[in-house]
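Fold and geometry: a report
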Amino acid sequence: MDSKVVVHSGGCHCKRIRWKVEAPPSVVVWQCNCSDCSMRGNTHFIVPSQKFELNEDSKQFLTTYTFGTHTAKHIFCKVCGITSFYLPRSNPDGVAVTYRCVDPGTLKHVEIRHFDGQNWESSFNQTGISSCSKTTPKDQND
C-alpha cells in the first residue's frame, strides 16, 4: 500500500457529523461478519486515534451503541443513523473509518480484507488487524 499520507474528509449522510483523517490514498479495509457489521454492511479502515479529528460541532449529534463485551463503541449520527466511524474492539488505540463515508477524491485504491467477527478471537490473532492503529517512529516525529 501507498505510504504517502493525505487528509481525507468525510462524515454521515446528513452532514451533521464531519471529520478529517490522515491516511494513505490507498488503504486496506476490513469487511467484518460480526452481527453488527454484517447487518450494517460496514467496511472500514483503521487509523491511530491521533490521526482522526472530529469536528467539534459534530459531537452533539453522536450517539453510541455497544453489545457483547461492550469494548467496541459503535458511534452513529442521531439524525440520519449512519456510522461513519467507530472505536473498534480490535484496536482500542484506533478509529475505524467507514470508507464509503470518505468524501470523493482522496481515496485512490481500496483493498478489501475479511475479518471473521463471528470467530473474533481467532480472526484477531490471524489477521494482524491490531497493527493497523500503531504509529511508526516517523509518525511520532510529525
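These lines cover the structure that appears in this document, whether it is placed above or below. (Residues numbered from 1 in each chain as written. Predicted model: local features only at pLDDT ≥ 70, side-chain atom pairs only at ≥ 80, totals over all residues. Heavy atoms only, no water.)

**Some words on unusual backbone geometry**
The bulk of non-glycine residues show a negative phi, and the bulk of peptide bonds are trans. One non-glycine residue, K15, lies in the positive phi region at around 70°. Structurally, K15 is set in the loop between β1 (6-11) and β2 (18-23). Residue H70 is not a glycine yet carries a positive backbone phi of 60°. Residue position: H70 is located in the loop between β6 (62-65) and β7 (74-77). (Helix = DSSP H or I, 4+ residues; strand = E, 2+ residues; numbered from the N terminus.)

**So, the environment of V28**
For V28, the location among the structural elements is in strand β3 (residues 26-32). Taking the relative accessible area as the measure of exposure, V28 reaches 17% and is therefore buried. In the structure, V28 is positioned 73 residues away from C101 in sequence and 15 Å away in space, judged by C-alpha atoms. (Buried < 20%, exposed > 50% of the residue type's maximum accessible area, 1.4 Å probe, protein only.)

**Side note on the sheet that holds strand β4 (residues 43-48)**
Each strand in a sheet pairs with its neighbour through backbone hydrogen bonds, running either in the same direction (parallel) or in the opposite one (antiparallel). What the five strands build is an open sheet, ordered β8-β9-β4-β3-β10; its pairing is mixed. Since the sheet does not close on itself, it has two edges, and those belong to β8 (85-86) and β10 (109-115), each with one partner. Taken together, the two bridges between β8 and strand β9 (residues 94-98) define a ladder with antiparallel strand orientation. Within β9, the position partnered with F85 by the bridge is V97. (Pairing = 2+ DSSP bridges.)

**Thoughts on the side chain of T83**
Structurally, the position occupied by T83 is in the loop between β7 and β8. The class of T83 is buried, set by a relative accessible area of 9%. In terms of polar contacts, T83 uses its side chain to reach the backbone carbonyl oxygen of I75, at 3.5 Å. Beyond its immediate chain neighbours, meaning those up to four positions away, T83 contacts R40, I75, F76, T98 and C101. (Polar contact = N/O pair within 3.5 Å; in protein donor to acceptor, adjacent residues only side chain to side chain. Contact = heavy atoms within 4.5 Å.)

**Some words on the layout of surface pockets**
Its volume calculated, the second largest pocket comes out at about 300 Å³. Lining the second largest pocket we find 21 residues, and of these C34, A72, H74, R89 and W120 sit closest to its centre. Secondary-structure elements contributing two or more residues to the lining of the second largest pocket are β3 and α1 (35-40). Across the lining of the second largest pocket, the residue classes tally to eleven nonpolar, nine polar and one charged. (1 Å grid on protein atoms, 1.4 Å probe; cavity = no way out; pocket = protein on both sides within 12 Å on 5 of 7 lines; lining within 4 Å. Points joined across faces, edges and corners; volume = space filled by probe spheres on them. Nonpolar A, V, L, I, M, F, W, Y, C, P; charged D, E, K, R; others polar.)

**A word on the packing of aromatic side chains**
In this description, an aromatic ring pair is defined by two values, namely the gap between the centres and the angle between the planes. Taken as a whole and assessed by the stated rule, the structure comprises three aromatic pairs. Taken together, a centroid distance of 5.8 Å and an interplanar angle of 40° make the contact between W19 and F52 tilted. Here the residue W19 occupies a position in strand β2, and F52 occupies one in strand β5 (residues 52-54), the gap between them amounting to 33 residues. What makes F52 buried here is its relative accessible area of 13%. An aromatic cluster is present here, built from W19, F52 and F85 joined pairwise through their rings. One cation-aromatic arrangement involves R16 over F61; the distance from NZ or CZ to the ring centre is 5.7 Å. Its end group placed over the ring of Y86, R40 keeps NZ or CZ at 5.9 Å from the ring centre. (Phe/Tyr/Trp six-rings, centres within 6.5 Å; stacked < 30°, edge-to-face > 60°. Lys NZ or Arg CZ within 6 Å of the ring centre and 35° of its normal.)

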